[in-house]
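Here's the letter readout for the chains.
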Amino acid sequence: TIDALYCINLYNDTSQYDYINGIKLVGENDSIYSFPNSFNPSQPYIDNTPFYSASLIKGHDYTLYVYNTPDTGHTGSIEAWIDYNSDGDFTDANEKLGSGHVYLNYGGVGTISFSVPSNLTDLCTGERRLRIRQLAANQELNSCQPYTNGETEDYTVNIVCPSYNIILNASI
């Protein structure tokens with residue numbers, strides 16, 4: 001389980017219907033596929049960590065797909081983070097996924113490509129928190145800052161070390 005305490009994201013205007021409509025992250029033996037999401041504007045933070053997880057291998061590349069709200073006229077930015085060292089924040093090096101925010105039209109699908117760092121120490125097995133945020137604006141996002149409207153969802157990723165097959169060539 002993920003034991004660190006994380007910020008709960010707040011939004012000032014919970015009457016808006018700017019939200020994450022679903023996500024897809026294909027892992028090694030399992031995947032997160034949460035689509036379509038039901039959205040309750042009075043609860044713009046969803047902790048999905050007990051319900052969805054995907055296994056990711058250290059040093060491998062992945063793509064996170066984020067589906068924006070299908071409601072006409074609602075555009076937004078998305079960003080994602082993984083707390084690789086489980087210290088309760090998403091501010092350490094390499095924890096922000098991709099190269100910046102992705103701006104989407106309503107009903108759009110954003111892709112965030114990322115690599116699980118291979119140089120992380122003490123990280124060969126264990127659950128880590130994946131955070132995805134959506135904001136009804138075209139701007140960079142912060143993993144914990146309050147905003148006017150949007151949604152935050154947390155998921156679990158299980159980081160594993162690559163397995164290597166060693167072949168010995170012996171001649172007699």
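Residues numbered from 1 in each chain as written. Predicted model: local features only at pLDDT ≥ 70, side-chain atom pairs only at ≥ 80, totals over all residues. Heavy atoms only, no water.

### Details of the overall build of the protein chain
Move 1: In terms of helices and strands, the protein chain carries zero helices and 10 strands.
Move 2: Along the protein chain, helices (α) and strands (β) appear in the sequence β-β-β-β-β-β-β-β-β-β when read from the amino end.
Move 3: When contacts within the protein chain are restricted to residue pairs at least 6 apart in sequence, long-range pairs at least 24 apart make up 76% of them.
Move 4: Working note: accessible area of the protein chain is about 8,900 Å², and carbon and sulfur atoms make up 47% of it. (Helix = DSSP H or I, 4+ residues; strand = E, 2+ residues; numbered from the N terminus. Contact = heavy atoms within 4.5 Å. Areas by Shrake-Rupley, 256 points an atom, 1.4 Å probe, with all protein chains shown as cover.)

### Looking at the state of the cysteines
Move 1: Scanning the model with the defined rule gives one disulfide in all.
Move 2: Between the sulfur of Cys 7 and that of Cys 144 lies a disulfide, 1.8 Å long from S to S. Across the disulfide from Cys 7 to Cys 144, rotation about the S-S bond amounts to roughly -80°, and the bridge is consequently left-handed. Of this pair, Cys 7 sits in the segment before β1 (20–26) while Cys 144 sits in the loop between β9 (125–135) and β10 (150–160), placing them 137 residues apart in sequence.
Move 3: Taking the relative accessible area as the measure of exposure, Cys 7 reaches 23% and is therefore partly exposed.
Move 4: Of the residues examined, Cys 144 reaches a relative accessible area of 28% and is grouped as partly exposed. (Disulfide = S-S within 2.5 Å. Buried < 20%, exposed > 50% of the residue type's maximum accessible area, 1.4 Å probe, protein only.)

### Points about unusual backbone geometry
Move 1: Positive phi values are uncommon outside glycine, yet Ser 86 reaches one of about 50°.
Move 2: Structurally, the position occupied by Ser 86 is in the loop between β6 (76–82) and β7 (102–104).
Move 3: By relative accessible area, Ser 86 is classed as partly exposed at 28%.
Move 4: One non-glycine residue, Asn 94, lies in positive phi territory at about 75°.
Move 5: Its place among the elements puts Asn 94 in the loop between β6 and β7.
Move 6: Taking the relative accessible area as the measure of exposure, Asn 94 reaches 46% and is therefore partly exposed.

### Examining the side chain of Glu 79
Move 1: Within the secondary structure, Glu 79 sits in strand β6.
Move 2: According to the relative accessible area criterion, Glu 79 is buried, its value standing at 1%.
Move 3: A polar contact is formed between the side chain of Glu 79 and the side chain of Lys 96, at a distance of 2.8 Å.
Move 4: Setting aside anything within four residues of it in sequence, one finds Glu 79 in contact with Lys 96, Gly 100, His 101, Ile 112, Arg 131, Ile 132, Arg 133, Gln 139, Glu 140 and Leu 141. (Polar contact = N/O pair within 3.5 Å; in protein donor to acceptor, adjacent residues only side chain to side chain.)

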